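Take a look at the letters that make up each chain.
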Amino acid sequence: MDILTKYFADFTPTQLQQLQALKGLYKEWNEKINVISRKDIDSLYLKHVLHSLSIAAIFDFQPGMQVIDIGAGGGFPSVPLAIFFPEVQFHAVDSINKKLTVIQEVAAGAGIPNITTQHTRAEQITNRKFDVAVSRAVAPLKDLLSWSKHLLNKPSEVRKHFGAQATEDMEIPAGLICLKGGDLAQEIHDSGRKPFIWPINEIFPEEFFNEKFVLQVK
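Here's a quick rundown of the structure. (Residues numbered from 1 in each chain as written. Predicted model: local features only at pLDDT ≥ 70, side-chain atom pairs only at ≥ 80, totals over all residues. Heavy atoms only, no water.)

### A closer look at the overall build of the protein
Working step 1: Each helix and strand in the protein was counted, giving eight helices and seven strands.
Working step 2: In terms of overall dimensions, the protein has a C-alpha envelope of 40 × 35 × 35 Å along the principal axes.
Working step 3: Residue pairs in contact within the protein that sit at least 24 positions apart in sequence constitute 71% of those at least 6 positions apart.
Working step 4: For the protein, the exposed area adds up to about 10,400 Å²; of that, 48% sits on carbon and sulfur atoms. (Helix = DSSP H or I, 4+ residues; strand = E, 2+ residues; numbered from the N terminus. Contact = heavy atoms within 4.5 Å. Areas by Shrake-Rupley, 256 points an atom, 1.4 Å probe, with all protein chains shown as cover.)

So this is what it looks like as structure tokens:
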């Protein structure tokens, strides 16, 4: 938890309780359904929670926004983001149902009401629209763009959530926002797009975040 409060000073008492509950819940459920490397469970707050919250350090999600987590796995980045943005609705989808069980049980145990799950592939969802798609280490950027394109509202629609405070130069959370690592040159080239890129180690100067990035494609 100290690594979180090192970089975020304004958690509410409820958020602190929810965040503190994560370690015990993930440790319990990870022994039943492996969603986190067992060698990483003791570094949960650095390698999974703070990593997820790098998105929150850049983007200010607004109340009422709808966010889909593509290939949510055990709930990263959606579970930490749902704690950070309690008035935003998160929808975690994955093709492996038992991983969603972990998300459901962690959310119930930590008292996180603003996250739902669906056992499906993102490309098979046809009846919903979202303001933002988030993802972590699921697939190449080209595939993520293909899977999410039909699900996303236009940035101009997303901007409406910001009302009068919206300015042209502010970082509007819209389109696809994903967490990536390593040399991304070929992956970006193959996608045919030019994403905005933020090095996470410039946000959180920790060795773990070297060569890890937040990417956005609107």
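### Notes on the packing of aromatic side chains
Working step 1: Evaluation of the coordinates by the stated rule reveals 13 aromatic pairs.
Working step 2: Centre to centre, the rings of Phe11 and Phe84 are 6.2 Å apart; their planes meet at 85 degrees, and the pair counts as edge-to-face. Of the two residues, Phe11 sits in the loop between helix H1 (2-7) and helix H2 (13-32) while Phe84 sits in helix H4 (residues 78-84), which places them 73 residues apart along the sequence. The same class applies to Phe11 as to Phe84, namely buried.
Working step 3: Taken together, a centroid distance of 6.4 Å and an interplanar angle of 35 degrees make the contact between Phe61 and Phe90 tilted. In this pair, Phe61 sits in the loop between helix H3 (44-58) and strand E1 (66-70) while Phe90 sits in strand E2 (residues 89-94), placing the two residues 29 residues apart along the sequence.
Working step 4: For Phe90, a relative accessible area of 1% corresponds to the buried category. (Phe/Tyr/Trp six-rings, centres within 6.5 Å; stacked < 30°, edge-to-face > 60°. Buried < 20%, exposed > 50% of the residue type's maximum accessible area, 1.4 Å probe, protein only.)

### Re the sheet that holds strand E6 (residues 196-199)
Working step 1: The seven strands lie next to each other as E3-E2-E1-E4-E5-E7-E6, forming an open sheet whose pairing is mixed. Since the sheet does not close on itself, it has two edges, and those belong to strand E3 (115-119) and E6, each with one partner. The mean inter-strand angle of the sheet, taken between neighbouring strand axes irrespective of direction, is 20 degrees.
Working step 2: Across the sheet, helix H5 (residues 97-110) is in contact with E2 and E3; its angle to E3 comes to roughly 165 degrees. (Pairing = 2+ DSSP bridges. Axes fitted to C-alpha atoms, helices over the stretch in contact; angles between N-to-C directions.)

### Brief notes about the pattern of salt bridges
Working step 1: Counting across every chain of the model gives five salt bridges.
Working step 2: In this structure, Lys6 engages Glu206 in a salt bridge whose closest nitrogen and oxygen atoms are separated by 2.9 Å. Placement of the pair is Lys6 in helix H1 and Glu206 in the loop between E6 and strand E7 (212-217), with a sequence separation of 200 residues.
Working step 3: Residue Lys6 is classed as exposed on the basis of its relative accessible area of 53%.
Working step 4: Ionic pairing is found between Lys32 and Glu28, a salt bridge with its closest N-O pair at 3.5 Å. Highlighted residues: Lys32 and Glu28, both in helix H2, separated by four residues, approximately one helical turn. (Salt bridge = Lys/Arg side-chain N within 4 Å of Asp/Glu carboxyl O.)

### Regarding the pairing of E7
Working step 1: Of all six residues that make up E7, five are buried, and the element is covered over most of its length.
Working step 2: Where strand E5 (residues 175-181) lies against E7, six bridges are found, and the strand directions are antiparallel. Across the sheet, the residue bridging to Leu179 is Val214, located in E7.
Working step 3: By the bridge criterion, four bridges tie E6 to E7 in an arrangement that is antiparallel. Bridged to Pro199 within E7 is Phe213.

### Examining the nonpolar core
Looking at soluble globular proteins, one finds that nonpolar side chains tend to be buried together.
Working step 1: Counting 56 residues, the largest nonpolar core has Leu22, Tyr26 and Phe61 as its most contacted members.
Working step 2: When residues of this core are assigned to their parent elements, the largest contribution, eight residues, is made by H3.
Working step 3: Residues within four places of Tyr26 in sequence aside, it is in contact with Ile36, Ile41, Leu44, Gly74, Gly75, Phe76, Val79, Val102 and Val106.
Working step 4: Counting residues in each nonpolar core, the second largest holds 20 residues, with Ala122, Leu141, Leu176 and Phe213 among its members. (Core = buried A, V, L, I, M, F, W, Y, C linked by side-chain atoms within 4.5 Å.)

### Thoughts on unusual backbone geometry
Working step 1: In this chain, Phe76 is followed by Pro77 through a cis amide linkage whose omega measures 15 degrees.
Working step 2: Along the chain, Pro77 turns up in the loop between E1 and H4.
Working step 3: Of note in the backbone geometry, Ala137 takes a positive phi value of approximately 50 degrees without being a glycine.
Working step 4: Along the polypeptide, Ala137 turns up in the loop between strand E4 (132-136) and helix H6 (141-148).
Working step 5: Residue Glu211 is not a glycine yet carries a positive backbone phi of 60 degrees.
Working step 6: By secondary structure assignment, the location of Glu211 is in the loop between E6 and E7.

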